[in-house]
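Fold and contact review
Spelled out from the first residue to the last, the chains are:
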Amino acid sequence: METTTQPAATPDSAPYESTDRTVPTRARERAAYDRALVHAILDESYVCHLGFVRDGTPVVLPTLFGRVGERLYVHGSTGSRPLRMAGTAPAEETDPGLPVCLTVTHVDGLVLARSAFHHSINYRSVVVHGVARPVTDPEEKRTALDALVDHVVPGRAADSRPANPKELAATAVLYLDLTEVSAKMRTGGPNDEPEDMDLPFWSGVVPLRKGYDPVVPSEDLAPGIEVPDYLIEL
């Protein structure tokens, strides 16, 4: 069975190299290539959006993902379009894969300015360009699926039944290495024009935060099974 080569470990202090695709055309001062920052933004997000071209038309799909070091994993049914496309290549190519653009975004605040033009949001985002390829090694596939579960709720993979052979056969996993990557952020208040400062309109930021309500146990949960510590900590 073919084994995919994991990207070499890189210290968090080493930034990602910028490329033509990772340098924004607007607000370049908001772009960042700090590796630890990129990891933090990715790890805090539950859902990514995976963009690719299908039959000459752009397609963007929301999906779960997980990160292991410098590699991202996304999964789906073996019959899903992007999973099938990543596993096939034209006859003249020997390296199958699917060119993709993967993005995540956090909205941290609503920025209300005195003028409609300067309304904005405070956000943190990451954009990853690359080629997604299928995971073919069984052990890496299990590692990837554990990472997907733990990405949503850390500690959950060890506290649930792992996928059985039938489930593994029905599940496809793609990997995308973090090579061509950038983060972009906006922070702070509104950028009002000097001539608008005396207008009689409220101006400022409405902060947003993520929170969780109390857990709701399954109605058929066996007696004596308590809420696990990792959920209490969450």
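My aim in this report is to walk through the structure given alongside it, one point at a time. Quick caveat: nothing in here was measured; it's all calculated off a predicted structure.

**What about the overall build of the chain?**
In terms of helices and strands, the chain carries five helices and nine strands. In sequence order, the chain lays out its α and β elements as β-α-β-β-β-α-β-β-α-α-β-β-β-α. Going through the 234 residues of the chain one by one, you find that 33% of them count as buried. As presented, the chain carries roughly 14,300 Å² of accessible surface, and 56% of it is formed by carbon and sulfur atoms.

**A closer look at the pattern of salt bridges**
The full count for this structure, using the stated rule, is 10 salt bridges. The residue Glu44 makes a salt bridge to Arg124 at a minimum N-O spacing of 3.0 Å. Pair noted here: Glu44 is in helix H1 (residues 35-44) and Arg124 is in strand S6 (residues 120-134), with a separation of 80 residues, a long-range link. Its relative accessible area of 34% is what places Glu44 among the partly exposed residues. Note that Arg156 and Asp159 form a salt bridge whose closest N and O atoms lie 3.6 Å from each other. Look at Arg156 and you get partly exposed, because its relative accessible area is 34%.

**Details of a nonpolar patch on the surface**
Together, Val107, Leu110, Ile121, Trp202, Val206 and Leu208 make up a nonpolar patch on the protein surface, roughly 500 Å² of accessible area in all. You can see Val206 is positioned in strand S9 (residues 204-207). Since its relative accessible area comes to 33%, Val206 is described here as partly exposed.

**Topic: the nonpolar core**
As a rule of thumb, nonpolar side chains are buried together in soluble globular proteins. Core analysis: the largest hydrophobic core is formed by 26 residues, its most contacted members being Leu42, Leu102, Val104, Val126 and Val128. Among the elements that line this core, the one with the most residues is strand S5 (residues 98-112), at four residues. Beyond its immediate chain neighbours, meaning those up to four positions away, Leu42 contacts Phe65, Arg67, Leu72, Val104, Val126, His151 and Leu178. By size, the runner-up hydrophobic cluster in this structure holds eight residues, among which are Leu145, Leu148, Val173 and Tyr175.

**Thoughts on unusual backbone geometry**
One non-glycine residue, Asp55, lies in positive phi territory at about 55°. Following the sequence through the fold, Asp55 ends up in the loop between strand S2 (47-54) and strand S3 (57-68). By relative accessible area, which is 70% here, Asp55 ends up exposed.

**Let's talk about H1**
Along H1, the residues classified as buried are Arg35, Val38, His39, Ile41 and Leu42. All buried residues of H1 project into a common sector of 165° when viewed along the axis, lining one side.

Cut-offs used in this document
- Residues numbered from 1 in each chain as written.
- Predicted model: local features only at pLDDT ≥ 70, side-chain atom pairs only at ≥ 80, totals over all residues.
- Heavy atoms only, no water.
- Helix = DSSP H or I, 4+ residues; strand = E, 2+ residues; numbered from the N terminus.
- Buried < 20%, exposed > 50% of the residue type's maximum accessible area, 1.4 Å probe, protein only.
- Areas by Shrake-Rupley, 256 points an atom, 1.4 Å probe, with all protein chains shown as cover.
- Salt bridge = Lys/Arg side-chain N within 4 Å of Asp/Glu carboxyl O.
- Patch = residues over 30% accessible without salt bridge, like charges linked within 9 Å, V, L, I, M, F, W, Y side chains within 5 Å.
- Core = buried A, V, L, I, M, F, W, Y, C linked by side-chain atoms within 4.5 Å.
- Contact = heavy atoms within 4.5 Å.
- Arc of directions from axis to C-beta.

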